[in-house]
Protein chains: 2
Amino acid sequence: MPQNDDVKAFMPGERVTLAPLGTGALDGLHFAVKDLFDVAGAPTTYGNPDWARTHPVAAATAPVVLDLLEAGAALAGKTKTVELAYGLTGENVWYETPVNPHAPDRFPGGSSCGSAAAVAAGLVDFALGSDTGGSVRIPASYCGVFGIRPSWGAVSLAGACGLGPSFDTCGWFARSAAVMEKVGSVLLPAEGPGLPGPILKAEEAWINAEPATARALGPAMSALEAIAGAPMRVEVAPEGLPALYEHFRCVQAQEAWATLGSWVAATAPRFGPGVAERFAAAREMDPAKAAAGRAFRRAFRLRIATMLAGGAVMAYPTSPCAAPKLSVSLAGQNTVREATMGVTAIAGLGGLCEVSLPVAKVDGAPVGLSLVAAAGRDRALLRLAAALASELSLP
Amino acid sequence: MPQNDDVKAFMPGERVTLAPLGTGALDGLHFAVKDLFDVAGAPTTYGNPDWARTHPVAAATAPVVLDLLEAGAALAGKTKTVELAYGLTGENVWYETPVNPHAPDRFPGGSSCGSAAAVAAGLVDFALGSDTGGSVRIPASYCGVFGIRPSWGAVSLAGACGLGPSFDTCGWFARSAAVMEKVGSVLLPAEGPGLPGPILKAEEAWINAEPATARALGPAMSALEAIAGAPMRVEVAPEGLPALYEHFRCVQAQEAWATLGSWVAATAPRFGPGVAERFAAAREMDPAKAAAGRAFRRAFRLRIATMLAGGAVMAYPTSPCAAPKLSVSLAGQNTVREATMGVTAIAGLGGLCEVSLPVAKVDGAPVGLSLVAAAGRDRALLRLAAALASELSLP
């Protein structure tokens, strides 16, 4: 694996590396981990210098990292994260924002920015990230790599920093569907047979996408039709994607403050742009709004479970547009975030698994197509993603 | 509610109380929370003075506590926990072990010892606990109250201290099945219709129980047969309960060190009897053994899911015996723990929901009968428990 890091994906300083602990499905592969997973002997910065300063160096390695080492992979380093994983652009003012290798004038996406950039640049074969509100899916779409947000609870987050525990998941990135599946064979629970379909074209997410993005994904949808049949149009959110985002936001903000508020209040850490504001909003979250969000989530899960029960798979644009340019204003970033998180909230609220495939470009910048299945169908979903990648002659 | 605390269930010092935030299903009820759930403005001791000393006072209240307040309940105080929730007897040498109200010469069971004791003594209507390896089920059995370990992931643990994240659950205790259901109506996800049965008598757990315990549970099994039909005998663990316990122990120990090891290593805290030894073992856990434990868990979940798919419910003794006497040696405690955790590992490894009902006594001390269902069937399981309680004329 290359040792240079022109895209600034890795944490600065000496690289945290570990040799494999065994042999298996991941023999010969190198991986990186987002710097919110503990590796014994190394600091876990969580993207913020005050977090690093106020927490001991990790004494233990996260079990998910040990599983990868046991299966033959070698750790090549720790990658940058948005501070406390609370942001979607991938910006980190303390350790420098990673470069988007396929669109250097644009954000890499976050919060798992370094992991996506390291994979896109070919520095590692795969990389671990975490996804609460889109933090694997969005950088996968923006950086033009495969990424999975597994079903909630499918992969252990022991030894990883939390943000919104009822949404937090451990996902990963790779440049090929085959490597995505290999990692899944190590980390994911066993499950029943495949996903017979049908393919559901979730209307709201397509309408929400910029027309150029929807057009660019057309060939991939045709390829999906060739292998899985004509898609059926469905409404997944008659109440509107903004309502989904709002319910997600209220539940997640309350959990973020419950998880990290004591530290924020006691430490008064320095934060980069936007992060302090998000924690201030989290602190003020009305408990009645969060309770209403949880009530909505319960009803939404029943609805989605019914829709996906027979093995159906939803398909829609991972992000409504390619990565925003680095020059975009904070207000512009907020507009993109709101449009994006209405879509990512579908799998977030539903606890569903979602795979983003790097199938297209808009204005030369990557955009991903997402396949989304019922909770617990992660392996079958990765198989379907591999079949689609093969049909499209992707790696 | 009585203000005295003869059973020493509550944390010493000024009681942490909160008025309801709204009205709903829990109007008029008082509850307590195990002192590993955050309540804003109060310390979270996690049962250990060095934990309290090295962590800031909570700035936020755990969402699960807010949900109960929103639904009309009033918080009456924080209850004692075994240090870092890592123990089953209920002993706490720093804050004094709570008294088992129905068997004062015996342990209360842990780690949610204070919550079980507070409910058993009538100090509150219900109380929150957490259950990783039996920490709600065992004190429920020992103290003679209802207790539920919900399906893994069903209730948010945001704002609660973790021990083994892939096993940790948020459960509760009450003296009546009706209150158990009311709390469930607030905290549990919506779900489909009931559990049609059959009842499965899990052979190994009955053979593992002391004969007096198995005999004492006979009338409750007859009552269960009267409402749900004759039980079928099944083998749930042909590899033996000790194998289940061993796999559980390896996975959980690795997660415990991943979750708490950095703090233990940096702080070198004082620990009561047994706790330091458990963390030392956790630190030394062989990653290959933990990986094998996770592989076993995957296969076990598929097997159990098949067994319970049609709405079947397993029934077996919650604990193989009544609470050990306070005078029992550490070696004697270890023997009981091993026999106990082979049984509690069934729901633990399976991610299942389990309700313990206070149906019998042995030598004057309580023992519980457990009903165990597939993940996600918590509400239906509580309904079945209520039907059985009614058949037995329990509250």
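For the structure, check the block above.
This write-up is about the structure you can find in this document. Remember, predicted model here, so these are calculated numbers, not experimental data. (Residues numbered from 1 in each chain as written. Chains lettered and ligands numbered in written order. Predicted model: local features only at pLDDT ≥ 70, side-chain atom pairs only at ≥ 80, totals over all residues. Heavy atoms only, no water.)

### A few points about the environment of A:Ala256
All names here are of chain A.
Moving on, step 1. Within the secondary structure, Ala256 sits in helix H9 (residues 241–267).
Moving on, step 2. Taking the C-alpha atoms as reference, Ala256 lies 8.2 Å from Gly162; in sequence the two are 94 residues apart.
Moving on, step 3. Setting aside residues up to four positions removed in sequence, Ala256 forms contacts with Tyr86, Leu163, Gly261 and Phe279. (Helix = DSSP H or I, 4+ residues; strand = E, 2+ residues; numbered from the N terminus. Contact = heavy atoms within 4.5 Å.)

### Description of the environment of B:Asp50
All names here are of chain B.
Moving on, step 1. Along the chain, the position of Asp50 falls in helix H1 (residues 49–54).
Moving on, step 2. By relative accessible area, Asp50 is classed as buried at 5%.
Moving on, step 3. Sequence separation between Asp50 and Phe271 is 221 residues, and the spatial gap between their C-alpha atoms is 9.0 Å.
Moving on, step 4. Those residues within four positions of Asp50 in sequence are excluded, and the remaining contacts are Trp263, Thr267, Pro269 and Arg270. (Buried < 20%, exposed > 50% of the residue type's maximum accessible area, 1.4 Å probe, protein only.)

### Some thoughts on the side chain of A:Thr45
Residue and element names in this part refer to chain A.
Moving on, step 1. The residue Thr45 is located in the loop between strand E1 (30–34) and helix H1 (49–54) in this model.
Moving on, step 2. In terms of polar contacts, Thr45 uses its side chain to reach the side chain of Asp35, at 2.6 Å.
Moving on, step 3. Setting aside residues up to four positions removed in sequence, Thr45 forms contacts with Met11, Asp35, Trp51, Ala52 and Tyr95. (Polar contact = N/O pair within 3.5 Å; in protein donor to acceptor, adjacent residues only side chain to side chain.)

### Things to note about the packing of aromatic side chains
Moving on, step 1. Enumeration over the complete set of coordinates arrives at 15 aromatic pairs over all chains.
Moving on, step 2. Between A:Tyr86 and A:Phe279 the ring centres are 5.0 Å apart and the planes differ by 75°, which places this aromatic pair in the edge-to-face class. Placement of the pair is A:Tyr86 in the loop between strand E2 (74–79) and helix H3 (113–120) and A:Phe279 in helix H10 (residues 275–283), with a sequence separation of 193 residues.
Moving on, step 3. The class of A:Phe279 is buried, set by a relative accessible area of 2%.
Moving on, step 4. Here B:Phe31 and B:Phe126 contribute two aromatic rings whose centre-to-centre distance is 5.2 Å and whose plane-to-plane angle is 5°, an arrangement assigned as stacked. In this pair, B:Phe31 is assigned in strand E1 (residues 30–34) and B:Phe126 in strand E3 (residues 126–131), connecting sequence segments 95 residues apart.
Moving on, step 5. Note on B:Phe126: relative accessible area 0%, which makes it buried. (Phe/Tyr/Trp six-rings, centres within 6.5 Å; stacked < 30°, edge-to-face > 60°.)

### Looking at the interface of chain A and chain B
Moving on, step 1. With 43 residues of chain A in contact, the opposing surface of chain B contributes 42 residues.
Moving on, step 2. Applying the counting criterion to the chain A and chain B interface returns two salt bridges.
Moving on, step 3. Note that B:Asp67 is salt-bridged to A:Arg294, the shortest N-O span being 2.6 Å.
Moving on, step 4. If you list the elements that add at least two residues to the side of chain A that touches chain B, you get helix H2 (63–70), helix H5 (177–187), H9 and helix H11 (287–308) of chain A.
Moving on, step 5. Looking at the side of chain A that touches chain B element by element, the count peaks at nine residues for H9(A). (Salt bridge = Lys/Arg side-chain N within 4 Å of Asp/Glu carboxyl O.)

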